[in-house]
Amino acid sequence: MYDPVELAKETEKVVAHNNLRKFYRFRPAKFYGGIATADCVGCCLRCVFCWSRAPLMNPERVGRFYSPQEVFNKLDSIARRHGYSQLRVSGNEPTIGRQHLLNLLDLVEQTGYRFILETNGILIGGDASYAQALAEFKRLHVRVSLKGCDAEQFLLLTGAKPEAFELQLAALRNMINAGASCHAAVMQEFAPEGKLVTLKKRLAEIDTRLVDNLEFEYLIPFPHVVRELARHEINVRCGGLRESIRRNY
Ligand code: SF4
């Protein structure tokens, strides 16, 4: 069992320095109806279903360092080529390397793009000032991907100390209190009816809009994901590929 906040600090030493952050790929993606995507290196969780394992487990060996301006230029170029109006950072955990992310958002703010920040929320939940800084960006929408419906599932799926699940909910609370645009997502395969009811109650205590806008994502059954799930003796029926997020937030 590990502490994800401590793991974030250790990971940051490897993937971020001097306002540079490691990335391993830039690509057009079909999600959200089309979005230019930068895949970053390094995360503070170890989800058994993670599709992006190489940068997760070997951040020293994967990717290279980019400045915020370089990342923006690459995203902008992809977006122009494909006619996209949206940009995002995905891959691993974008909130590691806070100054880099905020500087990237500064650049986006001067454009007409919409930016979607996909995060596990751990660092935003642990520090309300992070949410307040994010709330300054009007072109930003934050999607917090919950790792299960409760602390027990969080432990099973991430191997992290179960109380850190509360940080994911705290991230949503901090952002709503700060006035940041956000919603929560949970993986359908790990949201059985009973636990989903409990999760919805927890979300409603923060803000009922989180329940109305709760997104269900689907496990992507890549062979390495299926192998990891089997290794942890977690049985799921894969509901199919996560195609796109159809709603507008
Ligand atoms: S939070 Fe995302 S990037 Fe990090 S281990 Fe989990 S699935 Fe992978």
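Just so we're clear, the structure is a prediction, and the values are computed from it rather than from any experiment.

Right, let's get into the overall build of the protein. A count of helical and extended segments in the protein gives 11 helices and nine strands. Referenced to the eigenvectors of the C-alpha coordinate spread, the extents of the protein come out at roughly 45 × 40 × 35 Å. Out of the 249 residues in the protein, the part that is buried amounts to 42%. Partitioning the intrachain contacts of the protein with sequence separation of at least 6 by distance along the chain shows that 77% fall at a separation of at least 24.

On to the site of the ligand, then. All residues in the neighbourhood of the ligand are listed as C43, L45, R46, C47, C50, S52, L56, N92, E93 and N120. Class assignment for the residues of the shell around the ligand results in five nonpolar, three polar and two charged.

The next thing to look at is the environment of H82. Inspection of the secondary structure puts H82 in helix α3 (residues 68-82). H82 sits in the exposed class, given 12 other C-beta atoms within 10 Å. Distance from H82 to G34, taken between C-alpha atoms, is 8.2 Å for residues 48 residues apart in sequence. Not counting the four nearest positions on each side in its chain, H82 is found in contact with P28 and G34.

We now examine the pairing of strand β3 (residues 35-40). Burial analysis of β3 places six of its six residues in the buried class, which makes it a mostly covered element. Along β3, one buried face is formed by I35, T37 and D39 and the opposite face, lined by A36, A38 and C40, is buried too. In terms of strand pairing, strand β2 (residues 20-29) meets β3 through six bridges, oriented antiparallel. Each bridged residue has a counterpart across the sheet, and for A29 the counterpart in β3 is I35. Hairpin remark: β2 followed by β3, antiparallel, with five residues in the connecting loop; positive phi at Y32, about 55°. Relative to strand β5 (residues 86-90), β3 runs parallel, the two sharing four bridges. Residue pairing in the sheet places A36 in a bridge with L87 of β5.

Moving on: helix α11 (residues 223-231). Little of α11 is tucked away: zero of the nine residues are buried. Immediately downstream of α11, the backbone of E233 shows phi near 55°, a positive value.

Note: strand β6 (residues 114-119) against strand β7 (residues 140-146), five bridges, orientation parallel. In the strand pairing of β7, L117 is matched with V142. Relative to strand β8 (residues 182-187), β7 runs parallel, the two being bridged by five bridges. If you follow V144 over to β8, its bridge partner there is A184.

On to the environment of G126. Among the secondary structure elements, G126 is positioned in the loop between α5 (122-125) and α6 (128-134). Sequence separation between G126 and L167 is 41 residues, and the spatial gap between their C-alpha atoms is 6.0 Å.

This next bit is on the packing of α3 against helix α4 (residues 98-109). Contact pair α3 / α4: the axes reach a minimum separation of 9 Å and the direction vectors enclose 45°. On the basis of their axis angle, the class for α3 and α4 is oblique. As for the relative orientation of α3 and α4, their crossing is right-handed in sense. In contact with P68, Q69, V71 and F72 of α3, α4 contributes H100, N103, L104, L107 and V108.

So, on to the nonpolar core. The nonpolar side chains of a soluble globular protein tend to be buried, and buried together. Counting residues in each nonpolar core, the largest one holds 67 residues, and the members touching the most others are L87, L172 and M175. Here the element with the most residues in this core is helix α8 (residues 165-178); it accounts for seven residues.

Here the phi dihedral of N19 falls at roughly 60°; this positive angle occurs in a residue that is not glycine. Note on N19: 13 C-beta atoms within 10 Å, which makes it partly exposed. Of note, the phi angle at Y32 is positive, near 55°, even though the residue is not glycine. Mapped onto the elements of the fold, Y32 is located in the loop between β2 and β3.

Reading the values: the criteria
- For every chain, the first residue of its written sequence is number 1, and the numbers climb from 1 along that sequence.
- For this predicted model, a pLDDT threshold of at least 70 governs which residues receive local features, and a threshold of 80 or more governs which side-chain atom pairs are given and counted, while totals over whole chains, interfaces and linings are taken from all residues.
- Strands here mean DSSP runs of E at least two residues long; helices mean DSSP runs of H or I at least four residues long; both are numbered from the N terminus.
- Residue burial is a threshold on neighbouring C-beta atoms within 10 Å of the residue's own C-beta, all placed from the backbone, with 20 or more meaning buried, 12 or fewer meaning exposed, and counts in between meaning partly exposed.
- By the convention adopted here, residues make contact when the C-beta atoms placed from their backbones lie within 7 Å.
- Any residue whose backbone-placed C-beta atom lies within 6 Å of a molecule or strand is treated as near that molecule or strand.
- Here the term charged refers only to Asp, Glu, Lys and Arg, the term nonpolar to Ala, Val, Leu, Ile, Met, Phe, Trp, Tyr, Cys and Pro, and the term polar to all other amino acids, Gly among them.
- Pairing between two strands is assigned when DSSP locates at least 2 bridges connecting them.
- Convention adopted: a line fitted to C-alpha atoms gives each axis, helices being fitted over their contacting stretch, and angles between N-to-C directions are expressed from 0 to 180 degrees.
- The labels follow the angle: roughly parallel below 35 degrees, roughly antiparallel above 145, roughly perpendicular from 65 to 115, and oblique for the rest.
- For any helix crossing, the convention is left-handed if the near helix is rotated counterclockwise from the far helix by under a right angle, and right-handed if that rotation is clockwise.
- In plain words, the nonpolar core is the set of buried Ala, Val, Leu, Ile, Met, Phe, Trp, Tyr and Cys residues that C-beta atoms within 7 Å link up.

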